[in-house]
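Examination of the molecular architecture
Here's the letter readout for the chains.
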Amino acid sequence: MKCVISQDINAGADLIRNGELVAFATETVYGLGANALDPEAVAQIFEVKQRPHFDPLIVHISSVNQLDQLTFGLSKQAAKLAEQFWPGPLTLVLPKKDIVPDLVTSGLDSVAIRIPAHPIARQLLEAVELPIAAPSANKFGCLSPTHAEHVAEQLGSEIKLILDGGACTVGVESTVVQCLGELPVLLRPGGISLEEIESCIGQVRLAEIEDHAEANSPLSPGMLPRHYAPRTRLFLVNNRDEVPAKGLNGLLSLYPLEETFLKGHQFSAQEILSPTGDLKIAAGRLFTALRNLDAAGIDNIVALRMPEKGLGRTINNRLERAAVS
Ligand code: TXA
Ligand code: MG
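Remember, it's a predicted structure, so these values are computed and weren't measured experimentally.

1. Quick look at the pairing of strand 9 (residues 175-178)
Residues Thr 175 and Val 177 point to one face of strand 9 and Val 176 and Gln 178 to the other, with burial holding for every one of them. Relative to strand 9, strand 5 (residues 90-95) runs parallel, the two sharing four bridges. What sits directly across from Val 93, in strand 9, is Gln 178. Sheet topology note: the strand 9/strand 10 (residues 185-188) ladder contains three bridges and is antiparallel. Of the residues in strand 10, the one forming a bridge with Val 176 is Arg 188. Here strand 9 folds back onto strand 10, and the loop between the two strands holds six residues.

As structure tokens, then:
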């Protein structure tokens, strides 16, 4: 299949209406979209991504007016979050109506919904006038794509169109908040920090990886302990003192490290996420940095844990799930 990379929104809308797949830019990562109301179209997402069927998809809409079709309305806290962070990198898990196919939600009675902010995603959603189910446009378990070329590398032979919106500015996936019971639960840290969520609605419960792994009632089936992995073995350490002197040849850090430290090691590839230590910029560069290290032909990567605040928490979550333990 010949894959076109363009900004042809109408071509994208036609493909979605015809039950086909389209990859498209969002501000977080590129998505692989299909008509969310068409189970056969959605089935192709799972096939192309090689994604297990127990891992439900996010449904993207262009406006809160589309919520009524899909869910039973927003709780008070969900409404506050929607008001403050939509359009943007926030996904709300809400009670689902029957119109949403079971395939989209992996049989759960809730559906994950997001209104993206990127102009390409918005134009596509407005043109197609349908909700679009879209996971990140990568093979299951691999690094999420933040450039059209990343999508083409992994899925180019299996899809017809990638709607190019340049580099994703947020660079990590959306924050997923479950709003089903009394207390909202943060299922996945993402582009909106925990601090921002809590300043909007007060304290939320944090889902632990163990919650997700629980076989009988996983909170968020897709939050597998290992995910987002580069091909190269990655070790996550708390600080420089934990970096062994020998045997590691790729380095990922927030700040540049001192010459004296670097001299004592033998790194042949190094990625610095933000010279000024800006965690938002660091999140934006994370997946590209991991890709660069993957391409550097090294045996292993040592990553230094970020400060556990703001988007540092999100980056740590991705690094934990990329790391070998
Ligand atoms: O930024 C993003 O969220 C990107 C862009 C494309 O929107 N999408 C994305 O999708 O990251 P995906 O499929 O890679 O991650 C969706 C996450 C998974 O962890 C899944 O388990 C969770 O959302 N999820 C989806 N529906 C859910 C539900 N009903 N209950 C709990 N978790 C759900
Ligand atoms: Mg993903």
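2. Some details on the nonpolar core
Proteins that are soluble and globular tend to have nonpolar side chains buried together. Core analysis: the biggest nonpolar cluster contains 64 residues, and Leu 32, Leu 81, Leu 90, Leu 92, Ile 159 and Ile 197 have the highest contact counts within it. Sequence-distant contacts of Leu 90, that is, excluding residues within four places in its chain, are made with Leu 81, Ala 82, Phe 85, Ile 113, Arg 114, Ser 174, Thr 175, Val 177, Ile 192 and Ile 197. One finds Val 172, Tyr 228, Leu 293 and Ile 298 within the second-largest nonpolar core, a separate group that totals 26 residues.

Procedures and definitions
- Residues numbered from 1 in each chain as written.
- Chains lettered and ligands numbered in written order.
- Predicted model: local features only at pLDDT ≥ 70, side-chain atom pairs only at ≥ 80, totals over all residues.
- Heavy atoms only, no water.
- Buried < 20%, exposed > 50% of the residue type's maximum accessible area, 1.4 Å probe, protein only.
- Helix = DSSP H or I, 4+ residues; strand = E, 2+ residues; numbered from the N terminus.
- Pairing = 2+ DSSP bridges.
- Core = buried A, V, L, I, M, F, W, Y, C linked by side-chain atoms within 4.5 Å.
- Contact = heavy atoms within 4.5 Å.

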